[in-house]
Structure formats: structure tokens, C-alpha cells
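Given next are the chains, with one letter for each unit.
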Amino acid sequence: DTGVSQDPRHKITKRGQNVTFRCDPISEHNRLYWYRQTLGQGPEFLTYFQNEAQLEKSRLLSDRFSAERPKGSFSTLEIQRTEQGDSAMYLCASSPVETFNYGYTFGSGTRLTVV
Amino acid sequence: SQKIEQNSEALNIQEGKTATLTCNYTNYSPAYLQWYRQDPGRGPVFLLLIRENEKEKRKERLKVTFDTTLKQSLFHITASQPADSATYLCALSNSGNTPLVFGKGTRLSVIA
């Protein structure tokens, strides 16, 4: 297993366009998380899945953001009608269900720049 | 309101010394707390986890303490090396079903 993979690594898009990111978690991990990180800040929680079920979504998350995890494997995060404030690093992480014993494994992130 | 504070944005220390980073929290009752290392342009890497009923955890040159009365965790790197230079993030969760909440991090620079 090569860890958590995210694609693309970088994305530049024009304001108003839609973008979609993909995350492939560690295959044995049931849980998958999306976080967003801006410069000088810690990762900010967006949403998470256990298998294919989306269990929690941040109240701060705009309805322009949507995430899926069909079949409980890879996940996609879509941002519609992007705004300059969406520019950030989008991080995906996975973990076993038994989070009391394990940390999260993060991918290298997708850096989004909205121009 | 709930808050996680890492005491300083940046910390500079001499090689060979012990680095001590602080994480304070308010209005949380964490079941466990974790520390991560993050290098520029990369995702965080898990280092250590400590549960609410544990006082101290060690891993090689790393030590974490957890004081639920003071609502504080301390993270120590002994015999620090320039390769330890990175941002260190504190994160906590109130339960096994609550996603981790992260602090802003402390940027550590170890000077040779």
C-alpha cells in the first residue's frame, strides 16, 4: 500500500469554475476525512465518511462543496462556482474506525489556486 | 467557545537542546490528543497519540504529556537536530466518532 493518494497535486482555476479532487485512501481504512488548510493555519475539518456513509459535515462548509465516497473506496470533493476564498490546500486523510489507537494518515494534498 | 492554542507560532532552539511545545485547550473534554509533524507543502504526519487516562507517552526522542486538569499537553523533542525543523500540530478529539480538531501549529527551527 502506497499510503493516501491525492490527485491532482496542484489546480489553478478561474473564479466561477467547478473543480473536483480525488482521494484514494489506504485500502484497509474505513474512515476518510477531508480538511482544508490555509497558510499559517492548522487543518480545518470539512467532512468525513465511514465506508460510503457521510457521517459529518462542517457547519461552516458552504453548500457549494460536496463530497462523495461511492462504494466506500476513493472519495471526490467538488467545489462549484469557485471563489478566491476557496484557495487553499485540500487534505485528505484516512484511518481505521478504532481511532483511539491510531493516528490519521494524510495525503500530500491538492493545492487549489482560484484566480 | 472551543479553542486549541499552541503557545507560539515559532520556536528557535540550538541543536542538541530539548524543544518543548505547548498545546492548551478550552471547552473540550478530549478522549485523546495527537501530535503531528508537517513539512512545507506536505500533509501532516502522525507522531504520537495519548489518551485522557495517560500521563505520558514516549517514542524514541519524543515525549508527550497530557494534563486534563491543566487542559494542556506538552511535546518534547530531546537532543534536537536540524532535521527536526518543521511545524508541529496538536490535535484532539472528544470521542472516537468525532473528527480531530487541529491547532494552528508551532514552527520549530533547530539551528546547528
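It should be emphasised that the depicted structure is a prediction, and the values quoted were computed from it without experimental measurement.

As for the overall build of chain A
If you tally the helices and strands in chain A, you get zero helices and 11 strands. Along chain A, from the amino end to the carboxyl end, the secondary structure elements read β-β-β-β-β-β-β-β-β-β-β. Taken over C-alpha atoms, the radius of gyration comes to 13 Å for chain A, in line with the 13 Å a tight globule of 115 residues would show. Overall, chain A is about 40 × 25 × 25 Å in size when its C-alpha atoms are taken along their principal axes. By the burial criterion, 49% of the 115 residues in chain A qualify as buried. Considering only contacts within chain A whose residues lie at least 6 apart along the sequence, 54% involve residues at least 24 apart.

Brief notes about the sheet that holds strand S8 (residues 75-79) of chain A
Residues and elements named next belong to chain A. Spatially, the four strands line up as an open sheet ordered S1-S3-S8-S7, and their pairing is antiparallel. A single partner strand is all that each edge strand has here, and the edge strands are strand S1 (5-7) and strand S7 (65-68). If you compare each strand with its neighbour and ignore which way they point, the axes differ by 15° on average. Of the pairings in the sheet, the one linking S7 to S8 comprises four bridges and is antiparallel in character. By the bridge assignment for S8, Phe 65 is matched with Ile 79.

Remarks on the sheet that holds strand S1 (residues 3-6) of chain B
Residue and element names in this part refer to chain B. Read across the sheet, five strands follow the order S1-S3-S8-S7-S6 without closing on themselves; strand pairing throughout is antiparallel. Each of the sheet's edge strands pairs with one partner strand only, and the pair in question is S1 and strand S6 (56-59). Strand-to-strand twist across the sheet, computed as the mean angle between neighbouring axes with direction ignored, equals 15°. In this sheet, strand S3 (residues 19-26) lies alongside S1 in antiparallel orientation, the contact comprising four bridges. Each bridged residue has a counterpart across the sheet, and for Gln 6 the counterpart in S3 is Cys 23.

A look at the interface of chain A and chain B
Interfaces are often sized by the accessible area lost when the parts come together. The partner chain B presents 22 residues to the 24 residues of chain A that form the contact. The largest share of the area that chain A buries against chain B comes from A:Phe100, A:Tyr104 and A:Phe106, three residues that together contribute 31% of it. Connecting chain A to chain B are zero salt bridges. The tally of links between chain A and chain B comes to eight residue pairs in polar contact (both at pLDDT 80 or more). At the level of elements, strand S4 (31-37), strand S5 (44-50) and strand S9 (88-95) of chain A are the ones that each hand at least two residues to the side of chain A that touches chain B. Sort the elements by how many residues they give to the side of chain A that touches chain B and S4(A) lands first, with four residues. Of the residues assigned to the side of chain A that touches chain B, the class counts are 12 nonpolar, nine polar and three charged.

Each value, and the rule that gives it
- Residues numbered from 1 in each chain as written.
- Chains lettered and ligands numbered in written order.
- Predicted model: local features only at pLDDT ≥ 70, side-chain atom pairs only at ≥ 80, totals over all residues.
- Heavy atoms only, no water.
- Helix = DSSP H or I, 4+ residues; strand = E, 2+ residues; numbered from the N terminus.
- Rg over C-alpha atoms; globule rule 2.2 N^0.38 Å.
- Buried < 20%, exposed > 50% of the residue type's maximum accessible area, 1.4 Å probe, protein only.
- Contact = heavy atoms within 4.5 Å.
- Pairing = 2+ DSSP bridges.
- Axes fitted to C-alpha atoms, helices over the stretch in contact; angles between N-to-C directions.
- Buried area = accessible area lost by both parts, 1.4 Å probe.
- Salt bridge = Lys/Arg side-chain N within 4 Å of Asp/Glu carboxyl O.
- Polar contact = N/O pair within 3.5 Å; in protein donor to acceptor, adjacent residues only side chain to side chain.
- Nonpolar A, V, L, I, M, F, W, Y, C, P; charged D, E, K, R; others polar.

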